[in-house]
Amino acid sequence: MFLALNMMNAAAFKGIDSCAIAGFEREAVEEILGIDTKKQRLSLMVPFGYRLNEQPPKYRRNLGDIVKFIN
Ligand SMILES: Cc1cc2nc3c(=O)[nH]c(=O)nc-3n(C[C@H](O)[C@H](O)[C@H](O)COP(=O)(O)O)c2cc1C
């Protein structure tokens, strides 16, 4: 997991977009990729690529609206 996140950070630094995907049919993808599941299992897929268009603005709620810090 941390390796993938480092790859994503490094890619972003070079202007390459990525998207972490953990919700996929693991057994099916392992079979398609011919992975020997006695030795290795998939945990995460990360596509990398260059955006065709600029991204639309993101609409996020303010952190203070969804997180309450208790001292
Ligand atoms: C480890 C990890 C796994 C993720 N898996 C999924 C996933 O299976 N499906 C999904 O819709 N988003 C997943 N996300 C979130 C997406 O990568 C992405 O951040 C999210 O869709 C928000 O995209 P946006 O910032 O363009 O709105 C995952 C994020 C992380 C860090």
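Our structure is the block above this text.
Residues numbered from 1 in each chain as written. Predicted model: local features only at pLDDT ≥ 70, side-chain atom pairs only at ≥ 80, totals over all residues. Heavy atoms only, no water.

Caption draft 1: Here's a closer look at the side chain of E30. Following the sequence through the fold, E30 ends up in helix α2 (residues 26–32). The class for E30 is buried, based on a relative accessible area of 2%. Among the polar contacts listed, one links the side chain of E30 to the side chain of R41, at a separation of 2.9 Å. Once residues within four sequence positions are removed from consideration, E30 is found in contact with I35, T37, R41 and L42. (Helix = DSSP H or I, 4+ residues; strand = E, 2+ residues; numbered from the N terminus. Buried < 20%, exposed > 50% of the residue type's maximum accessible area, 1.4 Å probe, protein only. Polar contact = N/O pair within 3.5 Å; in protein donor to acceptor, adjacent residues only side chain to side chain. Contact = heavy atoms within 4.5 Å.)

Caption draft 2: A look at the environment of G49. Within the element layout of this structure, G49 appears in strand β2 (residues 48–49). Judged by its relative accessible area of 25%, G49 is partly exposed. Each C-alpha atom, one on G49 and one on N6, is 16 Å from the other, the two residues being 43 residues apart in sequence.

Caption draft 3: Local environment of the site of the ligand. In the vicinity of the ligand, the contacting residues are M1, C19, A20, I21, A22, G23, L44, K58 and R60. Between the ligand and A20 there is a distance of 2.7 Å, counted from an oxygen atom to a backbone nitrogen or oxygen. Here an oxygen atom of the ligand and a backbone polar atom of G23 are 2.6 Å apart. For the ligand, whose free accessible area comes to 620 Å², the fraction covered by protein is 42%. (Near = heavy atom within 4 Å. Areas by Shrake-Rupley, 256 points an atom, 1.4 Å probe, with all protein chains shown as cover.)

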